[in-house]
Amino acid sequence: MRTVRIAASLLAANLGQLEAEVKRMEAAQVDVIHIDVMDGHFVPYFALGADTVQAVRRLTRLPIEVHLMIQQPDRYARTFVEAGADLLIVHLESYHDPKRTISIVQDMGCRCALAINPMTLVEKTYSLLKKADQLLCMSVNPGFMGQPFIIEVLEKVRLAHSYRDKNHLHFDISIDGGVTDETVGPCVTSGANQVVVGRPLFAPKDACDASRLLRARANEVGAGG
Ligand code: DX5
Ligand code: ZN
């Protein structure tokens, strides 16, 4: 049985203690560090940037994925790849040609994911999924942590999963926002093989316990392929 990957969303960390927080996530055996970048245009607030990616790169060997909630991901792709990202996540809704951006990123030797907001139809991504390394379905509106999970998103995950199987494609399916020990099971049964988790991992004192519980709940239902 394949097990779900857990990506820890650094937005929920105590950034004043970046090193300790990254080490806490390593001890909790997360699989990926997820860094949310916000430009104040694509989403209302600003958050994190290439400096944070660079700092985290120096602290860990865990894969780093950078979620670009920005209007012009093509313009800043190189900066984030050079800062140490292993995967760049670009939104279908940003102002760019996603096909071209995916090529730009992959040509630099970095993996590239395509993200969609909760209201965006998954069918709009189909023509790009042959190239993308991952589809990330937002299960909250982008820009804020700690929001409730939008359950309707699971239908899109099911559609993407069956589209992938029918077309013999290999992209990962990740769900971002509102994932808890209660919602992780349905994420996995719908076909996700990765979840992004912010507050439920960082807020508890014992992150090891929190991640163990998430994995246990995911394994109960058996992870998606
Ligand atoms: C939301 C971000 C998420 C967020 C997840 O815009 O993309 O990565 O930090 O946080 P939780 O798990 O608290 O919903
Ligand atoms: Zn994110």
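The structure displayed is predicted, hence computed values, not measured ones. (Residues numbered from 1 in each chain as written. Chains lettered and ligands numbered in written order. Predicted model: local features only at pLDDT ≥ 70, side-chain atom pairs only at ≥ 80, totals over all residues. Heavy atoms only, no water.)

1. Considering the site of ligand 1
Thinking step 1. Residues in contact with ligand 1 amount to 20 residues; listed here are only the nearest, Ser9, Asp36, Gly143, Asp176 and Gly198.
Thinking step 2. Side-chain polar atom of Ser9 to an oxygen atom of ligand 1: 2.9 Å apart, as the coordinates give it.
Thinking step 3. Asp176 places a side-chain nitrogen or oxygen 2.8 Å from an oxygen atom of ligand 1.
Thinking step 4. For ligand 1, whose unbound accessible area comes to 380 Å², protein coverage reaches 99%.
Thinking step 5. At the level of secondary structure, the elements contributing two or more residues to the shell around ligand 1 comprise strand S2 (32-39), strand S4 (64-69), strand S9 (194-197) and helix H7 (199-202).
Thinking step 6. Of the residues belonging to the shell around ligand 1, the class tally is nine nonpolar, eight polar and three charged. (Near = heavy atom within 4 Å. Polar contact = N/O pair within 3.5 Å; in protein donor to acceptor, adjacent residues only side chain to side chain. Areas by Shrake-Rupley, 256 points an atom, 1.4 Å probe, with all protein chains shown as cover. Helix = DSSP H or I, 4+ residues; strand = E, 2+ residues; numbered from the N terminus. Nonpolar A, V, L, I, M, F, W, Y, C, P; charged D, E, K, R; others polar.)

2. Observations regarding the pattern of salt bridges
Thinking step 1. Taken as a whole and assessed by the stated rule, the structure comprises eleven salt bridges.
Thinking step 2. Close ionic contact of Arg24 with Glu21 constitutes a salt bridge, the shortest N to O distance being 2.8 Å. Taken together, the residues Arg24 and Glu21, both in helix H1 (residues 18-27) and three residues apart, mark about one turn of the helix.
Thinking step 3. A relative accessible area of 8% places Glu21 in the buried class.
Thinking step 4. Residues participating in the shared-partner salt-bridge network are Arg5, Arg111 and Asp172. (Salt bridge = Lys/Arg side-chain N within 4 Å of Asp/Glu carboxyl O. Buried < 20%, exposed > 50% of the residue type's maximum accessible area, 1.4 Å probe, protein only.)

3. Side note on the environment of Ile35
Thinking step 1. For Ile35, the position within the fold is in strand S2.
Thinking step 2. Non-local contacts of Ile35, meaning those with residues more than four positions away in its chain, are made with Leu10, Leu48, Thr52, Val53, Val56, Ile64, Glu65, Val66 and His67. (Contact = heavy atoms within 4.5 Å.)

4. Observations concerning the packing of aromatic side chains
Thinking step 1. Summed over the entire model, instances satisfying the criterion amount to two aromatic pairs.
Thinking step 2. For the ring pair Tyr45 and Phe144, a centre distance of 5.7 Å and an interplane angle of 85 degrees mean the geometry is edge-to-face. On the criterion of sequence distance, the pair formed by Tyr45 in the loop between S2 and strand S3 (46-47) and Phe144 in the loop between strand S7 (134-138) and helix H5 (153-166) is long-range, its members being 99 residues apart.
Thinking step 3. When the ring of Tyr126 is compared with that of Tyr163, the centres are 3.9 Å apart and the planes differ by 10 degrees; the resulting orientation is stacked. Of this pair, Tyr126 sits in the loop between strand S6 (111-116) and S7 while Tyr163 sits in helix H5, placing them 37 residues apart in sequence.
Thinking step 4. Note on Tyr163: relative accessible area 21%, which makes it partly exposed.
Thinking step 5. One cation-aromatic arrangement involves Arg164 over Phe171; the distance from NZ or CZ to the ring centre is 5.8 Å. (Phe/Tyr/Trp six-rings, centres within 6.5 Å; stacked < 30°, edge-to-face > 60°. Lys NZ or Arg CZ within 6 Å of the ring centre and 35° of its normal.)

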